[in-house]
Amino acid sequence: MAAEIAAAGAAASAGVGMGLFSYNRGNYEFDQKMHYTRFQAGLNMAIAQTGIYKQDIAQLTALTVTRMDCFHGIAAMGLTILTAIYCPGKLGFHVCPPPGWLMGLEFVNIAGAYLFMGLTLWYCMHASMRADTAGTHMLTRFVRLPIPSQGMLDKARKFLSSYEEQQLSEVLRVPFTRHQAPGRNRAGDFNEAMDIDDDAKGRSRHGYDVPAWYRKEKAVDNVSTIDSIESMMPLAARGSAPEHFEAYREIQMEWMPYDVYARVCIFLAFMHLTHCWAYHQIGHLIQEVRAPFACSIVMLPMFVLQQVILTLDIAPGGVPIQRLGPCSLWFAYFAAICESVRWYNPQVQAVGFVLVYCAYAIHIIYTLQLLRLCAPSKEAPSAVDCAGAAWWPGEWRLPSAFSHALWFLAPPKELEPGLEDICAELRAEQRGGPTVAGGSTESDKRQDVHRALGKQGESPAWFGVKVGLSSLLIAWMFLTFGFTIEIMNQGTAHPSLLSAPGMPNNARDPRYRPARPGNAEPTEVGTGGVAAGPAKGVHMGKLHRRLSGVEFATTPTTEMRRDIANKLREFMPQLQEVARFGTLESASATLSMAPAATEVQWPAMFEPQLLSCSAHAESAVALSRHGRGALVSFPAVDVEPFVLQGVAGHGAIVAASWDTQGLMIVTSMGNLFECAGAAPKAGRWACKLLAGAKLPIEVAGQPFKGSVAVSRAAGEVQAAVFFKGEETLTIFSRSDSSWLPRGEVRTPVAKAATVAAAFSASGSSLLVASADGSVIEMQMADGQHSELASANAGHKGHAWAGACRLASGALARLAVSLEAEAAAKFILG
């Protein structure tokens, strides 16, 4: 009986043991399936969240790049407008320029606009490229998808046979009993908390009362799920936001100042642009067009526009001193009106001076206020982090005056309530620390975040803006000082440092330098003219000696007007005769007095085109364009033909000069030849090319078309060049084998085109022959000229080709034939 009971007990125990084994093995199998499913779900959520983090980086970077592209286009458009004002829109090209104080107001603002638009372009380029590079760097190296490796998957996978590795107490655990008893060093709270009644809680598996395999799997999932990723954040700058936000905010400091000050530079550039355009219109509409009412219509919209820009870009706060800046337009407007009144008035001029000083003072105060507004605020309050608003950390030093116009966005410092950072939780479990990494004081964080700033804790972007505004401040002070100097010189013998007030830039000052030939009349310049000008009676005692004996004209009286009318009435019959017959009867007498031609037997096939007279004998040489010549001696009129050797191949001959050392030749290619000797020998005159630069008479590589005169008097080689179609002649001198321009003189021949020119033997005067046969002598010292021979129309079928003065002082002229059968004529007188 006992044996049967023992066998029944053993069988019952075996049955219970098998039942417990099967029950616990089924639980283990179910837990392993749930474990792998949970492992996959956690990784999928981490991968999806990392994808969102990559979008965060791309969108934050695109925000900066898009904004910089917008600023870049605006600055380029502004530069186009500014260049149109600076280059083709310059004042004073065709009329008298505006006063210097107005040009100073315009051009300092032009310089400021160029300065800040240039800074805008460079800041935009730097911020855009740096942000794009940083975003790409983070996306390719930092924010990566947490894809598990094969080893991680192997760790997460379990064989059913691993159930055999469990403790015997777990293999044969009786249902509804604890897996382990509470005690010291027991792992706790592996399972989720449950809000249930106490009876059910006693039967549930929670806290430390979980299977051993669950505790092991939990450690595997937390520690070995993904590889550890080191943080890019300095310890002092770490916060409670996801690490990609913290890292991006730290890197963002490297381009944030350039992003912010690019927006500030756009504001500064367009304020200076509107200022310079308004001053340009004052100079054009008042000084040039004389339209003050039209100018006021321009000033009002510009004033309103600047006030609107100030309202939109600068946050209200404190005394709005910047509102004073646009008021300088009105002071300059009324000062220009005082400058341009019809009659000179000292009181009005004094009012204009005061208005100019006010305009300069406003610009100085305005620039100082801009320096204050654009400076980074040391204690700037943090912007509110709400939907649709700009935000940046409070420790960032930005110009708070522009806070509502920057639209800058930095990553958040903290997660919104209800959001979880799964990747951060996994990293925290791996590192054995909390989810949120440490914190620090605001001063430590500020010091760490601003590592990208300069030695003085100052942004390089702000430094550029500060230097630009400081340079403009110095410019305004310098202009104020210069205007004071001009007022001090007003009414003295030197009222202007450069030229007379109101004189065009390309005109001579008629008070201290001689006028151009033919314009020797005294000229008074300045507002009010001769009768009421500001220089009337001021510097008469210090006039140039050429003007000392001149009586200046005054307002014409009634007797003067009557005398002028009588002279015009006497001249009317001659004008009627010219209108009816095309000429005057007196012209017939001139034709009958034409000098007679001297008979010259020219060599066969010789076509003279140039004429040069000897400085030591009563002789002249006539030259063709290609090196043939004829020496004509007087009074016997002997003709000796010759050939110039060494001239061929250097272009046609355009000028010749015969002095005591020999003959000098200039060709159409600008080459200078010297033919030594007093005369040709055996029908040849040897010439050599002088080393050095060519006479600059070629135009676009084409042979010269015009007239040239050359001289070698007193050891100096000089040339006078008449370019075809121009009314001036250019004087060149040869120094150290190179030609240098000495100046330009208006052509004294006004009735007909210049056909030839020749220097006198001494080189002190120039003979200019015109197409109508007249010859004029112009003195090289002062430009005075006199007529040596009048127009001569008595040699029909011929064209005048040259003129020179013989050793005796007689005038010799050459007239070439226009017909094949006729010969050239040599005319004396």
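Every residue gets a number counted from 1 within its own chain, in the order that chain's sequence is written. Reporting of local features is limited, given that this is a predicted model, to residues whose pLDDT is at least 70; pairs of side-chain atoms are given and counted only at 80 or more, and all residues count toward the totals for whole chains, interfaces and linings. Values shown for side chains rest on all heavy atoms present in the structure; no hydrogens or waters enter the calculation.

### Comments concerning the packing of aromatic side chains
Given two aromatic rings, their pairing is described by the distance between the two centres and the angle made by the two planes. For Phe, Tyr and Trp, rings pair up if their centres lie within 6.5 Å, where Trp contributes its six-membered ring, and each pair is then called stacked (planes under 30 degrees apart), edge-to-face (over 60) or tilted (otherwise). Inspection of the entire model under this criterion finds 13 aromatic pairs. Measuring from ring centre to ring centre gives 5.0 Å for Tyr 333 and Phe 334, while their planes differ by 70°; the resulting arrangement is edge-to-face. Under the scheme applied here, a residue whose accessible area is under 20% of the maximum for its type counts as buried, over 50% as exposed, and between as partly exposed, the area being computed with a 1.4 Å probe on protein chains only. The class for Phe 334 is partly exposed, based on a relative accessible area of 43%. In this structure an aromatic cluster arises from ring pairing among Phe 353, Tyr 357, Tyr 360, Trp 476 and Phe 483.

### Examining the nonpolar core
Soluble globular proteins: nonpolar side chains tend toward being buried together. Nine residue types can take part in a nonpolar core, namely buried Ala, Val, Leu, Ile, Met, Phe, Trp, Tyr and Cys, and a core is a set of them joined through side-chain atoms within 4.5 Å. Ranked by internal contacts, the top residues of the largest apolar core, which has 94 residues, are Trp 101, Ile 282 and Val 465. Numbered from the N terminus, helices here are DSSP runs of H or I no shorter than four residues, and strands are runs of E no shorter than two. Mapped onto this core, the elements with two or more residues apiece are α1 (2–86), α2 (100–141), α7 (243–252), α8 (256–288), α9 (292–313), α10 (328–339), α11 (346–374) and α15 (460–489). Tallying contributions element by element places α8 first for this core, with 20 residues. Between two residues, a contact is recorded if the distance between any of their heavy atoms is within 4.5 Å. Discounting residues that sit within four places of it in the chain, Ile 282 has contacts with Leu 102, Gln 287, Cys 295, Met 299, Leu 329, Ala 332, Tyr 333 and Ala 336. Residues Cys 613, Ala 622, Ala 801 and Leu 814 belong to the second largest nonpolar core, which totals 18 residues.

### Here's the deal with the confidence of the model for the protein
Known as pLDDT, the predictor's confidence for each residue is given on a scale from 0 to 100. Residues with a pLDDT of 70 or more make up 70% of the protein, whose mean pLDDT is 75. In this model residues 433–440 is a low-confidence stretch, pLDDT under 50, and it forms 13 contacts with partners more than four residues away in sequence or in other chains. Low pLDDT (under 50) marks residues 538–550, which in the prediction has 18 contacts with non-local residues, meaning those over four places away or in another chain.

### Looking at the side chain of Ser 624
Locating Ser 624 in the fold gives a position in the loop between β3 (619–623) and β4 (628–633). You can call Ser 624 buried: its relative accessible area is 9%. Leaving out residues up to four positions away in the same chain, Ser 624 has contacts with Phe 606, Glu 607, Gln 609 and Ile 653.

### Focus on the sheet that holds strand β10 (residues 688–689)
Across the sheet, 4 strands lie side by side as β6-β7-β8-β10; this open sheet has antiparallel pairing. Strands at the two margins of the open sheet, each flanked by one partner only, are β6 (653–659) and β10. By the convention used here, strands pair only if DSSP detects at least 2 bridges between them. Pairing of β6 with strand β7 (residues 662–667) involves 6 bridges; the strand directions are antiparallel. Pairing of Asp 659 across the sheet is with Gly 662, part of β7.

### Points about the state of the cysteines
Disulfides are defined as cysteine sulfur pairs within 2.5 Å. Per the counting criterion, the structure on display carries 2 disulfides. Here Cys 613 connects covalently by a disulfide to Cys 804, the sulfurs 1.8 Å from one another. Taking the sign of the S-S torsion, about 55° here, the bridge from Cys 613 to Cys 804 comes out right-handed. Within this pair, whereas Cys 613 is found in strand β2 (residues 610–613), its partner Cys 804 is found in strand β19 (residues 798–805), the two being separated by 191 residues in sequence. One disulfide bridge connects Cys 675 with Cys 687, the sulfur atoms lying 1.8 Å from each other.

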